[in-house]
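The residues making up each chain are set out below.
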Amino acid sequence: MFDKVLIANRGEIALRILRACREMGIRTVSVHSTADADAMHVRLADEAICIGPPASSESYLNVQAILTAATISSANAIHPGYGFLSENADFAAKVEESGFVFIGPSPEHIRLMGDKIAAKKVAKDAGIPVVPGSDGLVKDAETALKVAGNIGFPVLIKASAGGGGRGMKVAETPEELPEAMKAASAEAKSAFGNGDIYLEKVLKNPRHIEIQILADLRGNVVHLGERDCSLQRRHQKVLEEAPSPALNENERQDICRIAAEAAAKIGYRSVGTVEFLYEDGEFYFIEMNTRLQVEHPITEMISGLDLVREMVRISAGAPLGYSQKDIKLRGHAVECRINAENPETFVPSPGRIGDYYAPGGLGVRVDSALYTGCTVPPYYDSMIAKLIVHGANRNECLMRLRRALGEFVIDGIETTIPLHQRLTSAADFVNGDYDIHWLEKLMNGDKG
Ligand code: ADP
């Protein structure tokens, strides 16, 4: 096992990784920008190294500074968390070339799945149903019109390098197509440095269902069930639950088995998430994420497994030590992503935290790096806490969740807690009756 792990991230996920390492007897090195000198991941680490000024490009994305920090602290391995460098194949390769272990999938798998067009082809070849669309890259409006003619309008233009919902545009009519392509490509070019786009059929009212995979270096692969991440705003997840209230047991078993078999077929290692849209009883692959996901805790709550611990063990060469039949999923879990934002306009609300009180009690978990008097800097993602609640069944889980949301105190800034209170009390949500558009309709006043 490793003696020391460097955590190349900040906020709640840096703390999450630090906690797993500490429980495993592994020493931790935190890196931080000057804006995060007083952050919790810095305070709790065995060692902390400042790697640059506030801007992410000069600190948390500064590959050379991170590798230098790993060298001077004599770390054995680097955990990237999510976001920042976690899906950067060149970073993963550089980590390994520099003599450290990258705690995550192989650089080859990260590269492959980071190219969504290639990933879709791999999925299709592995026997996974995909969303109908263009056969790869679409270069000009003429080809796009032909493809769109076949799949029917509206069509979705997506970025091959996409992520976080960026580089995605809908064209309702043939006339809109050229403009929408230009806009999607330009957005992708500026966000990812790659303007490649492809076309997909727009599914009207799907749910977003994703399967958690875990694989060791010896070819053992298990799945840990699904997560329903249909509650989204601008294609970004807001609340996730496991299991999905929409699937029956046969559908669940089938899609989980298909995802795990595909991961085994491509020789995948570490954690991974295979994402699908689900509509009218059918699943359609959209992408695979080659990292720990923000919403991983709900899977931990129902499986009893510590996914970060598993990632560390796997990277150190340990076998899974269990097979699919040993995995028992119990009860129901929900995660609310709490952002430092106005709950109606979503304008970011950084600043100094006044009173802070995190809810507790049976089945309640808060993953956050906040504390009384800390500052939420304006430079990074606005997610400041995740409230994760587990119950014996969905009903118990939701009652507990509303109780816990009511206890949460984060003073001094605006947060999205009121949004979560509103949505978790809405009848459709309580009935499990929602799709990827439901939350935006609720916010627009079209749902009660
Ligand atoms: P990103 O990597 O940018 O997050 P994804 O491909 O994972 O992009 O899609 C994000 C979200 O966008 C999905 O959860 C879904 O809400 C919506 N979406 C993606 N593809 C389609 C599609 N073909 N039809 C309808 N909605 C889609």
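Just so you know, these numbers come straight off a predicted model, no measurement behind them.

Draft legend 1. Just the layout of surface pockets, in detail. In this structure, the second largest pocket occupies an estimated 230 Å³ of space. If you trace the second largest pocket, you find 13 residues lining it, with Lys120, Lys124, Ser134, Asp135 and Gly136 closest to the centre. When residues in the lining of the second largest pocket are grouped by element, the largest group, 5 residues, is from helix H6 (residues 116-125). Taken together, the residues of the lining of the second largest pocket break down into 5 nonpolar, 3 polar and 5 charged.

Draft legend 2. Quick peek at the packing of helix H12 (residues 394-407) against helix H13 (residues 417-425). Between H12 and H13, whose axes approach to 10 Å, the crossing angle comes to 155 degrees. In terms of axis orientation, H12 runs roughly antiparallel to H13. The two elements H12 and H13 meet at a crossing, and its hand is left-handed. Contacts between H12 and H13 involve Leu401, Arg402, Leu405 and Gly406 on the former and, on the latter, Ile417, His420, Gln421, Thr424 and Ser425. Taken together, the residues of the contact of H12 with H13 sort by class into 3 nonpolar, 5 polar and 1 charged.

Draft legend 3. Layout of empty space enclosed by the protein. Summed over all chains, the structure comprises 2 cavities of 30 Å³ or more. Reported here for the largest cavity is a volume of approximately 90 Å³. Lining the largest cavity are 13 residues, and of these Met113, Ile128, Ala262, Ile266 and Met288 lie nearest its centre. Listing elements by their share of the lining of the largest cavity, those giving two or more residues are H6, helix H9 (249-265) and strand E13 (282-289). Of the residues in the lining of the largest cavity, the class split is 13 nonpolar, no polar and no charged.

Draft legend 4. Inspection of the side chain of His296 at higher detail. With respect to the secondary-structure elements, His296 resides in helix H10 (residues 296-303). When its relative accessible area of 0% is taken as the criterion, His296 is described as buried. Residues within four places of His296 in sequence aside, it is in contact with Ile13, Arg16, Arg227, Leu307, Val308, Arg365 and Lys386.

Draft legend 5. The site of the ligand, seen in detail. In the vicinity of the ligand there are 21 residues, among which Gly165, Lys201, His208, Gln232 and Glu287 approach most closely. Within the backbone of Gly165, an N or O atom sits 2.6 Å from an oxygen atom of the ligand. With respect to the ligand, the side chain of Glu287 contributes an N or O atom lying 2.6 Å from an oxygen atom. Expressed as a share of its isolated accessible area of 550 Å², the protein-covered part of the ligand is 95%. For the shell around the ligand, the elements supplying multiple residues, two or more each, are strand E6 (155-159), strand E8 (197-201), strand E12 (270-279) and E13. Here the shell around the ligand is built from residues that sort into 8 nonpolar, 7 polar and 6 charged. Counting only domains with at least three residues in the shell around the ligand, you end up with domain 2 (132-201) and domain 3 (207-443).

Draft legend 6. Layout of the state of the cysteines. Throughout the structure, instances matching the rule amount to 0 disulfides. Cys50 provides the cysteine sulfur closest to Cys374, a residue in no disulfide bond, and the two sulfurs are 18 Å apart.

Draft legend 7. Inspection of helix H8 (residues 177-192) at higher detail. With 16 residues, H8 extends 22 Å between its outermost C-alpha atoms, agreeing within 8% with the 22 Å of an ideal straight helix rising 1.5 Å per residue. Residues Leu177, Ala180, Met181, Ala184 and Ala188 constitute the buried set of H8. Taken down its axis, H8 places every buried residue within 100 degrees of arc, on the same side. With respect to the buried face of H8, the exposed residues turned more than 90 degrees away are Glu179, Lys182, Lys189 and Ser190. At its buried positions, H8 is contacted by helix H7 (141-151), E6, strand E7 (169-171) and E8. Two residues or fewer past H8, Gly193 is found with a positive phi of approximately 70 degrees.

Draft legend 8. Expanded view of the nonpolar core. By size, the foremost hydrophobic cluster in this structure holds 36 residues, and its most contacted members are Leu387, Ile410, Leu423 and Trp438. Sorting the residues of this core by element identifies strand E11 (236-242), strand E14 (332-339), strand E19 (383-391), H12, H13 and helix H15 (438-443) as the ones contributing at least two each. Considering each element in turn, this core owes the most residues, 5 residues, to H12. Of all hydrophobic cores here, the second largest spans 31 residues; its members include Ile13, Ala14, Val222 and Val312.

Thresholds applied
Residues numbered from 1 in each chain as written. Predicted model: local features only at pLDDT ≥ 70, side-chain atom pairs only at ≥ 80, totals over all residues. Heavy atoms only, no water. 1 Å grid on protein atoms, 1.4 Å probe; cavity = no way out; pocket = protein on both sides within 12 Å on 5 of 7 lines; lining within 4 Å. Points joined across faces, edges and corners; volume = space filled by probe spheres on them. Helix = DSSP H or I, 4+ residues; strand = E, 2+ residues; numbered from the N terminus. Nonpolar A, V, L, I, M, F, W, Y, C, P; charged D, E, K, R; others polar. Axes fitted to C-alpha atoms, helices over the stretch in contact; angles between N-to-C directions. Parallel < 35°, antiparallel > 145°, perpendicular 65-115°, else oblique. Left-handed = near helix turned anticlockwise from the far one by under 90°. Contact = heavy atoms within 4.5 Å. Buried < 20%, exposed > 50% of the residue type's maximum accessible area, 1.4 Å probe, protein only. Near = heavy atom within 4 Å. Polar contact = N/O pair within 3.5 Å; in protein donor to acceptor, adjacent residues only side chain to side chain. Areas by Shrake-Rupley, 256 points an atom, 1.4 Å probe, with all protein chains shown as cover. Domains from an automatic or database assignment. Disulfide = S-S within 2.5 Å. Expected span 1.5 Å × (residues − 1). Arc of directions from axis to C-beta. Core = buried A, V, L, I, M, F, W, Y, C linked by side-chain atoms within 4.5 Å.

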